[in-house]
Amino acid sequence: TKGKKGKLKLDRRSAHQTPKKSPVSYVLAVEHLSTHTNDSGNAQGVRFTDVTRRYASTWSRTLSLRGASSKDIKERRGQCVDEWFKSSLKRLNNHFRPTTQSKDPPTKREPKKSPVRSVTKVKGSNGKMVEVLELESSDDEDKKPAAKRAGDFEIDDHAIDEKEELDDNTAQEVIPKSKAAFKSHPFYVIPSVLNSKEVLHPDARTRICGVFKGELVYRRSDVSTALKAKKWLYEGRKVKDNELQKPVKKVKARKKPKKQGFQALESYGITESAQNEAIALLDEKKNESEDDNMDNLYGIWQTDSWTPPYVSPSDPIPTNEFKNVEKDLLNPGLTHMEQPRLAGIARKLGIPYAPCMLGFDRHGGRGTPLIRGIVVHDHNVGLIREASIEWESHVVEKEKSERRKQVLRKWKRLVAGLLTKERLEREYGDR
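On a predicted model such as this, the values are computed, not experimentally measured, just so you know.

Draft legend 1. Here's a closer look at the overall build of the protein. Scanning the protein for helices and strands turns up 11 helices and 17 strands. Within the span of the protein, comprising 431 residues, buried residues form 24% of the whole. Counting contacts in the protein only where the partners sit at least 6 residues apart, residues at least 24 apart contribute 63% of the total. When the accessible surface of the protein is totalled, it reaches about 32600 Å², and 52% of it is carbon and sulfur.

Here you go:
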């Protein structure tokens, strides 16, 4: 109040004290540097560095504030979604060049190992099996050599060390405290939040991060998508022969769409005894093939790199069970030709061909195969193109002739109508 003297209390926090982390979107560090130019003298330069990961409380929250969706955070596994921001910083820092280069290569930081050494199952006092975690001893950390300081190197080495430090800060994010947070977390995951096609890598237990309400916490990087054997072919991989009988997961197969329109009953006109026998036979087949309605899924570690085999000119064109060729699995030695009316030309010339399926046209919740063009051997492409040009010219001449005949017919009808009108007016016009 007026007339009273007050003392201003200063917050004398040490400059070296770590600031409190909080949810932030962007934090930039500005570094003023002097770079040598070709002329005499020095030119002042400025370098901008994104250090948000050092001060953000949770990196996943920062990505959300930057506009990333839960799906983006989960699939990109912590990678920044702001491509424009990275490119802007790169353009701003283009004028900066280090004065000297380091003679010694920069020392890379060793990735931080999981504190869990092993996981064993033991029988508890209540008779249930529980998992026991064996943690690394603190003595092991003391035996590691001390890391070199960033000041031992030049500017480039310092930038590399700073980037590795920021990566370590991101990797050391605290484990979420709710199950819902694990569903889209970029670094941690628990088995109960995995979807039907997500699986853990076989050696994921060697990199356990902790325990959440009785569930082991794994790294998101140890989660991969399992696919059917046919789906892996589209990814350029093939399931190993010895792994076909050992799927990593089985899921319920998708129901086939019901046939539309009238369907006659298979039991029409059958007697009651024969119907009971048929039902019993169907029940036996159902029990024998109970896994027919299940799809076998395989992990990426069960596959090898694969490319479609080469098809020589003397080999027949390989087709699927529907007698067509999928463009995504087109074999070397074959060519897809998309021009119209090529199937008839190839048939008349006696050239082997197969229809090409480009994909599926999704509408009304169902997919219809999209067939367009044909697939032929490479050495027949030139012949079919020349025949196609000749056929097109023939079709043009034929259409021109048909159009001329149609015009003449219309003129003939018009003239005949005028003559008929004139005759009727001449004969019956006076009446």
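What follows continues from the structure just given.
Draft legend 2. Summary view of unusual backbone geometry. A positive phi angle, close to 50°, is found at Lys-213, a residue other than glycine. Note on placement: Lys-213 falls in the loop between strand 7 (210-212) and strand 8 (215-219). Accessibility expressed as a relative area gives 73% for Lys-213, which makes it exposed. In this structure, Lys-323 is a non-glycine residue whose phi angle is positive, near 65°. Along the chain, Lys-323 falls in the loop between strand 13 (303-305) and strand 14 (325-326). On the accessibility criterion, Lys-323 (61% relative accessible area) is exposed.

Draft legend 3. The arrangement of a nonpolar patch on the surface in detail. Judged by side-chain polarity, Val-407, Trp-411, Leu-414, Val-415, Leu-418 and Leu-419 come together as a nonpolar surface patch covering roughly 590 Å² of accessible area. Exposure remark for Leu-419: the relative accessible area of 53% places this residue in the exposed category.

Draft legend 4. How the structure looks around the packing of helix 10 (residues 342-349) against helix 11 (residues 381-428). Contact pair helix 10 / helix 11: the axes reach a minimum separation of 10 Å and the direction vectors enclose 110°. Looking at the two axes, helix 10 sits roughly perpendicular to helix 11. The interaxial crossing formed by helix 10 with helix 11 has right-handed handedness. Within the contact between the two elements, helix 10 uses Leu-342, Ile-345, Ala-346, Lys-348 and Leu-349 and helix 11 uses Leu-383, Ile-384, Ala-387, Ser-388 and Trp-391. In terms of residue class, the contact of helix 10 with helix 11 is made up of eight nonpolar, one polar and one charged.

Draft legend 5. Representation of the packing of aromatic side chains. Inspection of every chain in the model, using the stated rule, returns one aromatic pair. An angle of 55° between the planes, with centres 5.0 Å apart, marks the rings of Phe-182 and Phe-212 as tilted. A residue pair is termed long-range when its members are at least 10 positions apart, and Phe-182 in helix 7 (residues 179-183) and Phe-212 in strand 7 qualify at 30 residues.

Draft legend 6. Quick look at the pattern of salt bridges. Throughout the structure, instances matching the rule amount to seven salt bridges. Here Asp-304 and Lys-240 are joined by a salt bridge, their closest N and O atoms 4.0 Å apart. Of the two residues, Asp-304 sits in strand 13 while Lys-240 sits in the loop between strand 10 (237-239) and strand 11 (249-252), which places them 64 residues apart along the sequence. When its relative accessible area of 27% is taken as the criterion, Lys-240 is described as partly exposed. Residues Arg-341 and Glu-392 are paired through a salt bridge, measuring 3.3 Å at the closest nitrogen-oxygen approach. You can see Arg-341 sitting in the loop between strand 15 (334-337) and helix 10 and its partner Glu-392 sitting in helix 11, a full 51 residues away along the chain. Since its relative accessible area comes to 47%, Arg-341 is described here as partly exposed. Take Glu-392: its relative accessible area is 29%, and that puts it in the partly exposed class.

Draft legend 7. The sheet that holds strand 8, seen in detail. Strands sit in the order 5-8-7 across an open sheet of three strands; the sheet is antiparallel. The open sheet has two edge strands, strand 5 (188-189) and strand 7, and neither has a second partner. Judged from the two bridges that link them, strand 5 and strand 8 form a sheet pairing that is antiparallel. Its bridge partner lying in strand 8, Tyr-188 is registered against Arg-219.

Draft legend 8. Summary view of the pairing of strand 12 (residues 294-297). Residues Asp-295 and Leu-297 point to one face of strand 12 and are all buried, whereas Met-294 and Asn-296, pointing to the other face, are not buried. In this structure, strand 11 lies alongside strand 12, joined through four bridges in antiparallel fashion. Bridging across to strand 12, Lys-252 finds its partner in Met-294.

Rules and cut-offs
Residues numbered from 1 in each chain as written. Predicted model: local features only at pLDDT ≥ 70, side-chain atom pairs only at ≥ 80, totals over all residues. Heavy atoms only, no water. Helix = DSSP H or I, 4+ residues; strand = E, 2+ residues; numbered from the N terminus. Buried < 20%, exposed > 50% of the residue type's maximum accessible area, 1.4 Å probe, protein only. Contact = heavy atoms within 4.5 Å. Areas by Shrake-Rupley, 256 points an atom, 1.4 Å probe, with all protein chains shown as cover. Patch = residues over 30% accessible without salt bridge, like charges linked within 9 Å, V, L, I, M, F, W, Y side chains within 5 Å. Salt bridge = Lys/Arg side-chain N within 4 Å of Asp/Glu carboxyl O. Axes fitted to C-alpha atoms, helices over the stretch in contact; angles between N-to-C directions. Parallel < 35°, antiparallel > 145°, perpendicular 65-115°, else oblique. Left-handed = near helix turned anticlockwise from the far one by under 90°. Nonpolar A, V, L, I, M, F, W, Y, C, P; charged D, E, K, R; others polar. Phe/Tyr/Trp six-rings, centres within 6.5 Å; stacked < 30°, edge-to-face > 60°. Pairing = 2+ DSSP bridges.

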